[in-house]
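# Structural description and commentary
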Amino acid sequence: MRAHWMLLELGLEYDSHPIQARSGETLSEEFLRINPRHKIPVLRHGSFVLTESAAIIQYLSDTFADSARLYVPRDARQRAALGEWCYFIATELDAAGLYIMRRHDALKSTYGDAPVAVESASQYFQHNLEAMAACIKDGEYLFGERFSAADILLMTCLDWAASCSVSVSERFSRYRHRTAARPAYQAARARNFAAQ
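An account of the accompanying structure is given in this report. Keep in mind it's a predicted model, so treat the numbers as computed, not measured. (Residues numbered from 1 in each chain as written. Predicted model: local features only at pLDDT ≥ 70, side-chain atom pairs only at ≥ 80, totals over all residues. Heavy atoms only, no water.)

## Considering the overall build of the protein
A count of helical and extended segments in the protein gives nine helices and two strands. Order of helices (α) and strands (β) in the protein, N terminus to C terminus: α-α-β-β-α-α-α-α-α-α-α. Counting only C-alpha atoms and orienting by the principal axes, one finds that the protein spans roughly 45 × 45 × 30 Å. Considering only intrachain contacts with a sequence separation of at least 6, the fraction spanning at least 24 residues in the protein is 62%. Total accessible area on the protein stands at roughly 11,000 Å², and carbon and sulfur atoms take up 51% of it. Between the mean site of the 22 positive side-chain charges and the mean site of the 23 negative ones, the protein shows a separation of 1 Å. (Helix = DSSP H or I, 4+ residues; strand = E, 2+ residues; numbered from the N terminus. Contact = heavy atoms within 4.5 Å. Areas by Shrake-Rupley, 256 points an atom, 1.4 Å probe, with all protein chains shown as cover. Lys, Arg positive; Asp, Glu negative; His and termini not counted. Charge placed at Lys NZ, Arg CZ, Asp CG, Glu CD.)

Below you can see the structure in the form of structure tokens.
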């Protein structure tokens, strides 16, 4: 979803080769030549191959974005501030919160049922999300009026939270509703979830 969304925000044409997670497709010889870690997504830009959704959207933004439309800092401190939010969202909200919930609730048949871990991860997610609340002004994104890679990460985490029935504050509900109205978000959802 994240890679599709950034590509569409940037108005880039691209070829997509859908591969489903946990289908075994990422263990094929062909795929392992591209990404030996057998994870999706993978971006191939010419001979350059990049994995990890956060790195992909950051690369696309840095390489192709018009800084009048998207927040693409060129100053080292501003880049660090953007990176700080991207890393926080990817590690604290997604990996340490949502991923645990997904593994031990929606995928418990594969990873095992762990209701205490799920509840703890939900609380951890909500605590860290609220730590971000002051940065979200009504009618704006994380870096003001311009949308950024960090917003894609945050929005996809909010979508996952909703699918896991995790409640969020009204501030984040408004942010999610406003962000979901972006045409590129809607087009990315249609492309990414077309096979489901």
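## Things to note about the pairing of strand β1 (residues 42–45)
The two faces of a sheet get side chains in turn, since along a regular strand they alternate between them. Pairing of β1 with strand β2 (residues 48–51), which is carried by four bridges, proceeds in the antiparallel orientation. From the neighbouring strand, V42 faces β2, where its bridge partner is T51. Counting the residues between successive antiparallel strands, the hairpin from β1 to β2 contains two residues, one of them, G46, with a positive phi of roughly 65°. (Pairing = 2+ DSSP bridges.)

## Let's talk about the packing of helix α7 (residues 149–163) against helix α8 (residues 170–180)
Two elements in contact, α7 and α8, have axes whose closest approach is 10 Å; the angle formed by their N-to-C orientations is 110°. Judged on the interaxial angle alone, α8 and α7 are roughly perpendicular. Of the two possible hands of crossing, α7 and α8 adopt the one that is left-handed. Between α7 and α8, the residues in contact are D151, L154, M155, L158, D159 and A162 and F172, Y175, R176, T179 and A180, respectively. Per-class residue counts for the contact of α7 with α8 are seven nonpolar, one polar and three charged. (Axes fitted to C-alpha atoms, helices over the stretch in contact; angles between N-to-C directions. Parallel < 35°, antiparallel > 145°, perpendicular 65-115°, else oblique. Left-handed = near helix turned anticlockwise from the far one by under 90°. Nonpolar A, V, L, I, M, F, W, Y, C, P; charged D, E, K, R; others polar.)

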